[in-house]
Amino acid sequence: MIRIRTTMTAGAGFVGALALALSAASPAAADDSWQQGTRTSNPGSAALCVGSLDKARVCFNPSGDKVYVYDGDADSASAVADWENHKHWSDNSVYRSGQCMNSEGAGTWVVCNKDFYEDGLLLMTARTYDRSAGRWTGSYGFDSFRTS
């Protein structure tokens, strides 16, 4: 009886872990790191940027740890900064990760205020996500930045 119970517990644990992993892969999942940005103006020349102005552009301003997202296309998809923060340049493990989304419409900028690990590595990808379809629709550039 104990053996069956252990097997059932292990099986239930596996199913639970699998469900959690699958739900975390979707931006629609409840996650503190998935954030709608606040409407703002152009981040200025001090920001480090990657992406396309006609689709999605993301910028990082190391002074204040701010992530900016520009939506350049009037479509059903939102522009997204998909980011990973590592503690050190040589560290392959992810310290934090998340997304900053711009659902304000084409021609707008949003900002997400983050608190990245100091003297770490920030990897950012400019992407688009269609919430109504529940899928990523494009990727428009990737770069790495040093956090300060």
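First things first, this report covers the structure right here in the doc.

A look at the nonpolar core
- Judged by nonpolar contacts, the single largest core of 17 residues is most densely connected at V58, V67, V69, A81, C100, L122 and M124.
- Beyond its immediate sequence surroundings of up to four residues, V69 is in contact with R57, V58, A79, V80, A81, C100, N102, T108, W109 and V110.
- One finds A47, Y68, Y70 and V111 within the second-largest nonpolar core, a separate group that totals six residues.

Concerning the state of the cysteines
- A full pass over the atoms with the stated rule returns two disulfides.
- Bridging C49 to C59, the disulfide has an S-S length of 2.1 Å. Between C49 and C59, the S-S torsion sits near 105 degrees, and that sign places the bridge as right-handed. Separated by ten residues along the polypeptide, C49 in strand β3 (residues 48-51) and C59 in strand β4 (residues 56-61) bring together distant segments of the chain.
- Each sulfur in the disulfide pair C100 and C112 lies 2.0 Å from the other. An S-S torsion of about 85 degrees defines the bridge between C100 and C112 as right-handed. Note that C100 is positioned in strand β7 (residues 96-102) and C112 in strand β8 (residues 108-113), a separation of twelve residues in sequence. Across the pair, C112 and C100 agree in class, each one buried.

Digging into the side chain of D71
- Its place among the elements puts D71 in strand β5 (residues 66-71).
- Of the side chains bearing the opposite charge, K55 lies closest to the buried D71, which forms no salt bridge; the N-O distance is 8.5 Å.
- Of note is the side chain of D71, whose polar atom sits 3.1 Å from the backbone nitrogen of D73.
- Not counting residues within four places of it along the chain, the set of residues in contact with D71 comprises K55, A77, S78, A79, N102, G105, A106, G107 and T108.

Criteria and thresholds
- Residues numbered from 1 in each chain as written.
- Predicted model: local features only at pLDDT ≥ 70, side-chain atom pairs only at ≥ 80, totals over all residues.
- Heavy atoms only, no water.
- Core = buried A, V, L, I, M, F, W, Y, C linked by side-chain atoms within 4.5 Å.
- Buried < 20%, exposed > 50% of the residue type's maximum accessible area, 1.4 Å probe, protein only.
- Contact = heavy atoms within 4.5 Å.
- Disulfide = S-S within 2.5 Å.
- Helix = DSSP H or I, 4+ residues; strand = E, 2+ residues; numbered from the N terminus.
- Lys, Arg positive; Asp, Glu negative; His and termini not counted.
- Salt bridge = Lys/Arg side-chain N within 4 Å of Asp/Glu carboxyl O.
- Polar contact = N/O pair within 3.5 Å; in protein donor to acceptor, adjacent residues only side chain to side chain.

Function cannot be inferred from these measures alone, as they are strictly geometric.
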